[in-house]
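Reading the structure
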Amino acid sequence: MHQISQKMKILFLVYHGFEEFSGISKKIHYQVKGLRENGHDVRLCHYTIRDDGHRCRFVDDDVIQDYGKGFIAALRQRVGYNCIYDYCIREGIQFVYARCFQNANPWLIRFFKKLKKAGIHAVTEIPTYPYDAEFVGFSRMTRLNLKVDQTFRNALYKQMDAVVTFSDAKEIFGQRTINISNGVDFDSIPLHEPLPMNHELHLIGVAEVHYWHGFDRLIAGLGEYYNDVRGKKEDVRDVYFHIVGGVGPSEMYDSMHAPGFHELIEKYGIQDKVIFHGQLFGQALDDVFNQCQFAIGSLARHRSGITNIKTLKNREYATRGIPFVYSEQDTDFDHQPYVLKASADESPVNIQQIIDFIESNQLKPADIRKTVEHLSWKIQMQRVVEAIF
């Protein structure tokens, strides 16, 4: 690929607002930072409801459209994209990078068609593909919105230059793809400083927990491990699982795909072995990471119909320098010596296998981190720009 030397004017388009501690919000800001590190002039367009109840579309800190309050305003923002188009024309935007919100509709199609006619290039990033199976069990309104998206998405992506994906798919919804990896912001992730394992092993899983994370498989594996070692005196390690992030009632008590966490913990009598920390950030999160020697990635992407995916979590674990396990296919990590692959099925995770793996794994955190230097957002986002221009 040729090197892009000129400074591009880019609008990064998000159809929602931001939350201070949201992983998605942080990722978007890191992507914008990555583009800016390559010398591009990047404006961030987003939509939010202000404290006074007004529904507004912003570019950075400036309001470009105030839709008003209430139900009618909510409808207007779903169909009113002229303000974004006018901004692009006025400011000489050359490239629009949009993030999929499963919101394909005739008004959005019209917006991107106008961009195309004006000579403005556009791509949409689809963070998870395929995504339809993720909506199973959601509310009727959410599933109705998905039906609208399914109806119009092929026509929408026809207006794009390409679809950005973290999968290995070569075509999505009839459009060519740009395959990149989820990136990392090295400035925001400290190096792991683990405590010695001794006779205890501490595992950590960080997520806003959904059924595709498959943490129930780890809890079941923990239960089976303690069933096997009870009564043994020698060479037995105490193993603990630290879950950091929100866990909803649907996963704790009534999972649609597996026994709930509470049910499994009660069944095996391992109440003191599974620790729920809730959401943690900054030093509090670092402290729990440093207590742990091994991390848990997704263990059930097969439940949502996904085989290949390059998750953000795997990259964050590697950037910290902590070894980890996952069950999907991820070509950036499948053959790394600090990665343990779990089977993509419903079997309990083999805890003894994790213990043996850690005992034979001598890689230092700094060595693990070095293997992902090419996954910086600066490098990944520039690949998109170079694929279009």
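What comes next is a walk through the structure.

Quick notes on the rules
- Residues numbered from 1 in each chain as written.
- Predicted model: local features only at pLDDT ≥ 70, side-chain atom pairs only at ≥ 80, totals over all residues.
- Heavy atoms only, no water.
- Helix = DSSP H or I, 4+ residues; strand = E, 2+ residues; numbered from the N terminus.
- Rg over C-alpha atoms; globule rule 2.2 N^0.38 Å.
- Buried < 20%, exposed > 50% of the residue type's maximum accessible area, 1.4 Å probe, protein only.
- Contact = heavy atoms within 4.5 Å.
- Arc of directions from axis to C-beta.
- Phe/Tyr/Trp six-rings, centres within 6.5 Å; stacked < 30°, edge-to-face > 60°.
- Lys NZ or Arg CZ within 6 Å of the ring centre and 35° of its normal.
- Pairing = 2+ DSSP bridges.
- Axes fitted to C-alpha atoms, helices over the stretch in contact; angles between N-to-C directions.

1. Regarding the overall build of the protein chain
Within the protein chain, the regular secondary structure consists of 13 helices and 15 strands. Computed over the C-alpha atoms, the radius of gyration of the protein chain is 23 Å, within 12% of the 21 Å expected from 2.2 N^0.38 for a compact globule of 389 residues. With the C-alpha coordinates of the protein chain rotated into their principal frame, the extents come out at 75 × 45 × 40 Å. Looking at the protein chain as a whole, 52% of its 389 residues qualify as buried. Long-range contacts, defined as pairs at least 24 residues apart, comprise 71% of the intrachain contacts of the protein chain with a sequence gap of at least 6.

2. Considerations on helix 11 (residues 351–360)
Of all the residues in helix 11, the buried ones are Ile 351, Ile 354, Ile 355, Phe 357 and Ile 358. For helix 11, the arc enclosing every buried residue in end-on projection is 165 degrees, short of the 170-degree limit, so these residues lie on one face. Buried residues along helix 11 sit in contact with strand 10 (200–206), helix 6 (215–229), strand 11 (238–244), strand 13 (294–296) and strand 15 (339–341).

3. Details of the packing of aromatic side chains
This structure, assessed with the given rule, holds 20 aromatic pairs. Considering the side-chain rings of Phe 324 and Tyr 338, the 6.0 Å spacing of their centres and the 50 degrees angle between planes classify their relative orientation as tilted. Here Tyr 338 lies in the loop between strand 14 (324–326) and strand 15 and Phe 324 lies in strand 14, a separation of 14 residues in the sequence. Judged by relative accessible area, which is 0%, Tyr 338 ranks as buried. An aromatic cluster of three or more residues is present, and its members are Tyr 129, Tyr 131, Phe 135, Phe 138, Tyr 157 and Phe 173. The ring of Tyr 85 carries Lys 114 above its face, with NZ or CZ at 4.3 Å from the centroid. Its end group placed over the ring of Phe 289, Arg 320 keeps NZ or CZ at 4.0 Å from the ring centre.

4. With respect to the sheet that holds strand 10
Paired through their backbone hydrogen bonds, the strands of a sheet run either parallel or antiparallel. Strand order in the open sheet formed by 6 strands is 12-11-10-13-14-15, and the pairing between neighbours is parallel. Every other strand in the sheet has two partners, leaving strand 12 (274–278) and strand 15 as the edge strands with one partner each. Between one strand axis and the next, the sheet turns by 25 degrees as a mean value, whatever way the strands run. Here 2 bridges tie strand 10 to strand 13, and the two strands are oriented parallel to one another. Directly across from Leu 203, in strand 13, lies its bridge partner Phe 294. Strands strand 10, strand 11 and strand 12 of the sheet are contacted by helix 9 (residues 282–291), whose axis makes an angle of about 140 degrees with strand 10.

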